[in-house]
Amino acid sequence: MATWAPAPNEPSWSCTQEVMPHSAGRSGRRTFHPRTMAQFIRNLVEKTPALVNAAVTYSKPQLATFWYYAKVELIPPTPAEIPRAIQSLKEIVNSAQTGSFKQLTVKEAVLNGLVATEVLMWFYVGEIIGKRGIIGYDV
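Residues numbered from 1 in each chain as written. Predicted model: local features only at pLDDT ≥ 70, side-chain atom pairs only at ≥ 80, totals over all residues. Heavy atoms only, no water.

Participant: I'm lost on the overall build of the protein in this one. Help?
Facilitator: Per the secondary structure count, the protein includes 3 helices and 0 strands. Put simply, the protein runs from its N terminus to its C terminus through helices and strands in the order α-α-α. Every one of the 139 residues in the protein was classed for burial, and the buried ones make up 6%. Sequence-distant contacts, at least 24 apart, represent 19% of the contacts inside the protein between residues at least 6 apart. Accessible surface, the protein: about 12400 Å² in total, of which carbon and sulfur atoms supply 66%. (Helix = DSSP H or I, 4+ residues; strand = E, 2+ residues; numbered from the N terminus. Buried < 20%, exposed > 50% of the residue type's maximum accessible area, 1.4 Å probe, protein only. Contact = heavy atoms within 4.5 Å. Areas by Shrake-Rupley, 256 points an atom, 1.4 Å probe, with all protein chains shown as cover.)

Structure representation (C-alpha cells):
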C-alpha cells in the first residue's frame, strides 16, 4: 500500500495518525497530533483561494453553455406549439392502439424510452420539491 509524502516545498504534515503517549492505552484509539492538525488546517486555508479560483475558471464555460440551452429548452410552450403537441400525443396513442410502434428501429425505441424516463424523473423531482423531502417515496 502506497503512503503519501509531502512535496519538498510544502510544510510537512502527515496523513497518518500519530499515537499520542496519553492515548496509547485506550483500546488502540489514535488521535492527531495538534501541531500536525494545525499545519494541515493552515495549509488547507492557504490553498482554498487558489482552489476556488480554479473551480470558477473551470465552471464559467460550462455555465455559459448551460444557460444558453436553458434559455432555449426550459421555456414554456407558446400558444402556437400547443396544437402540435396535442397532435403528437394523438399519434402516440394511435400507434399504441394499432401496434405500429413495433415497427420502430432499436435506436428510435431507445430514444423514446430515454425521453419517457426523463419525463418520469422530472415528475419525481417535482414531487420531491412539492413535498420538500424524499421521505415517503420509494426512490
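Participant: Looking at this model, I keep getting lost on the packing of aromatic side chains. Mind explaining?
Facilitator: Aromatic ring pairs are reported here in terms of the distance separating the ring centres and the angle at which the planes meet. Within this structure, the stated rule accounts for 3 aromatic pairs. Measuring from ring centre to ring centre gives 5.2 Å for phenylalanine 66 and tryptophan 67, while their planes differ by 65°; the resulting arrangement is edge-to-face. (Phe/Tyr/Trp six-rings, centres within 6.5 Å; stacked < 30°, edge-to-face > 60°.)

Participant: Mind showing me how you'd approach helix H3 (residues 106-131) here?
Facilitator: The first and last C-alpha atoms of H3 sit 37 Å apart over 26 residues, in line with the 38 Å expected at 1.5 Å per residue. A positive backbone phi angle near 65° is found at arginine 132, which sits one or two residues after H3. (Expected span 1.5 Å × (residues − 1).)

Participant: When you look at a nonpolar patch on the surface in this model, what are you seeing that I'm missing?
Facilitator: Together, Val106, Val110, Leu111 and Leu114 make up an exposed nonpolar region whose accessible area comes to about 400 Å². Relative accessible area serves as the criterion here: at 67%, valine 106 is assigned to the exposed category. (Patch = residues over 30% accessible without salt bridge, like charges linked within 9 Å, V, L, I, M, F, W, Y side chains within 5 Å. Salt bridge = Lys/Arg side-chain N within 4 Å of Asp/Glu carboxyl O.)

Participant: Would you explain the confidence of the model for the protein in this entry?
Facilitator: Detailed reading of the predicted coordinates is not advisable wherever pLDDT falls low. Scored by pLDDT, the protein has a mean of 80; 73% of the residues are at 70 or more. Considering only residues more than four positions removed or in separate chains, one finds that residues 13-20, a stretch of pLDDT under 50, has 21 contacts. (pLDDT = per-residue confidence, 0-100.)

Participant: Even after reading the chapter, I still don't get helix H2 (residues 81-98), so can you show me in this structure?
Facilitator: Note on helix geometry: an α-helix contains 3.6 residues per turn, so any two residues three or four positions apart are oriented the same way. Here H2 is 18 residues long and its end C-alpha atoms lie 26 Å apart, about the 26 Å a rise of 1.5 Å per residue gives. Positive phi appears at glycine 99, one or two residues downstream of H2, with a value of about 85°.

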